[in-house]
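Close look at the chain arrangement
Listed here are the chains, written in short residue letters.
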Number of protein chains: 2
Amino acid sequence: MNKIEEYVLKHGQVLKGNILKVDSFVNHQIDADFMYESAVTFKEHFKDKKITKVVTIESSGIAPATMLGYLLHVPVVFLKKEASALLNKDEAYECNVHSYTKNKDYSVRCSKKYISEDDHILFIDDFLANGEACFGALNIISQANAKLTGVGILIEKSFQKGRKRLENENIDVCSIVRVASLENNQITFVKQD
Amino acid sequence: MNKIEEYVLKHGQVLKGNILKVDSFVNHQIDADFMYESAVTFKEHFKDKKITKVVTIESSGIAPATMLGYLLHVPVVFLKKEASALLNKDEAYECNVHSYTKNKDYSVRCSKKYISEDDHILFIDDFLANGEACFGALNIISQANAKLTGVGILIEKSFQKGRKRLENENIDVCSIVRVASLENNQITFVKQD
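Read on for a plain summary of the structure. For clarity, every value in this text was computed on a predicted model and none was experimentally measured. (Residues numbered from 1 in each chain as written. Chains lettered and ligands numbered in written order. Predicted model: local features only at pLDDT ≥ 70, side-chain atom pairs only at ≥ 80, totals over all residues. Heavy atoms only, no water.)

1. Description of the relation of the copies chain B and chain A
One copy of the chain maps onto the other through a rotation about an axis plus a displacement along that axis. Superposing chain B onto chain A takes a rotation of 180 degrees combined with a translation of 0.0 Å along the rotation axis, leaving an RMSD of 0.0 Å. Such a combination of turn and shift is consistent with a two-fold rotation axis. (Least-squares fit on C-alpha atoms with pLDDT ≥ 70 in both.)

2. Some details on the layout of surface pockets
Over the atoms rolls a probe the size of a water molecule, and its path tells where empty space is left. Residue and element names in this part refer to chain B. One number sums up the size of the second largest pocket: a volume of about 280 Å³. Around the second largest pocket sit Asn2, Lys3, Ile4, Tyr7, Asp33, Phe34, Glu37, Thr41, Ser175 and Ile176, which together line it. Every element with two or more residues in the lining of the second largest pocket is listed here: α1 (3–11), α2 (32–45) and β10 (173–181). For the lining of the second largest pocket, the element with the highest residue contribution is α2, accounting for four residues. When the residues that make up the lining of the second largest pocket are grouped by side-chain class, the tally is four nonpolar, three polar and three charged. (1 Å grid on protein atoms, 1.4 Å probe; cavity = no way out; pocket = protein on both sides within 12 Å on 5 of 7 lines; lining within 4 Å. Points joined across faces, edges and corners; volume = space filled by probe spheres on them. Helix = DSSP H or I, 4+ residues; strand = E, 2+ residues; numbered from the N terminus. Nonpolar A, V, L, I, M, F, W, Y, C, P; charged D, E, K, R; others polar.)

3. What to know about the packing of helix α2 (residues 32–45) of chain A against helix α3 (residues 62–72) of chain B
Each pair of packed helices gets described by two things: the angle between the helix axes and the distance between those axes. Two elements in contact, α2(A) and α3(B), have axes separated by 8 Å at closest approach and are oriented at 95 degrees. Between α2(A) and α3(B), the interaxial angle falls into the category roughly perpendicular. Between α2(A) and α3(B), the residues in contact are A:Ala32, A:Asp33 and A:Tyr36 and B:Thr66, B:Gly69 and B:Tyr70, respectively. Here the contact of α2(A) with α3(B) is composed, by residue class, of three nonpolar, two polar and one charged. (Axes fitted to C-alpha atoms, helices over the stretch in contact; angles between N-to-C directions. Parallel < 35°, antiparallel > 145°, perpendicular 65-115°, else oblique. Contact = heavy atoms within 4.5 Å.)

4. Considering the interface of chain B and chain A
Every contact between the two is made by 40 residues of chain B and, on the other side, 40 residues of chain A. Summed over both sides, the interface of chain B with chain A buries roughly 3400 Å², with 58% coming from carbon and sulfur. If you sort the residues of chain B by the area they bury against chain A, B:His28, B:Tyr70 and B:Leu86 come out on top, with a joint share of 21%. For B:Lys104, the salt bridge goes to A:Glu82, with nearest N and O atoms at 3.4 Å. Linking chain B with chain A are 21 residue pairs in polar contact (both at pLDDT 80 or more). Those elements that place two or more of their residues in the side of chain B that touches chain A are β1 (13–15), β2 (19–21), β3 (29–30), α2, α3, β5 (76–79) and β7 (104–111) of chain B. At six residues, α3(B) tops the list of elements feeding residues into the side of chain B that touches chain A. (Buried area = accessible area lost by both parts, 1.4 Å probe. Salt bridge = Lys/Arg side-chain N within 4 Å of Asp/Glu carboxyl O. Polar contact = N/O pair within 3.5 Å; in protein donor to acceptor, adjacent residues only side chain to side chain.)

Right, here's the structure in full:
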């Protein structure tokens, strides 16, 4: 087990329904040093690839995406979940996303100004489970005819189908931790070299 | 005019109703270098004061708050606008906030686990206008009996009453830019030494 897995084991909390609660360092309280270290790992993993923009979804993707944008000195764009009077429907790309955790649909949107066909995009998010949010973002990136460089994830639930779906599309995925199972309230990790 | 004011002049857009649209570098697309430089300024301004935690409100406060958390090596907490099944009402501090921009009320909430009476808190946000969001956050900080170290703001609309309200409470405010007026679609700044 590496240091970051030990950290997740110590600070993560397993709830009913295969939920891993990480609100002490990711999605309510944020450990900015953890975000920085994760961004360093993403930068290293994708160092030979072209990246013109980092894209994420509000709110929990913003911290790691901003750190990575700072390290790469490229703009960060966060897809918005809430409609805004300042973002007209015909000036935005939009996509519906199903949340299994919340058991509801929501839409994500992005101004057409901030993703273009010239962009090479690294998509960053806090979780990868079934891949619904991720494929929603990829749909928007595709609507803009931008190129996808890869996907960076803080916590991957490897026992759900998201990673497999991305690999089937030949997408390069870098996950900071890969959770193999949450059964019996125990976090176990995918063995990595 | 300093460099950062020139930057805001170049990238900000004035809309009807005294709205300064900064979605190209703050609240949709994020300029991570701008966030880093702002965090350096906040750190310098409050360098003689005790800070155990940075608090902000989702979503647009997260980027500058995370950068500051990284520079200070203290945790960042973002107050949530959306109710969550993972955050029970009796385990959270909550406060209503009126948004003049959106002309509606919303509530912000924070798990009681992440702000305590031992905390010395620097509150960070993207905008200070009438101070509604800020006083909502201060209300939550006060419910937790935590101490407020000060307030750091990216863009202050100095022609609205937020700053005055904070100064009346003897709160130390550090704003990266202070906008004196948006009249006639022109951004002018408060003259500073």
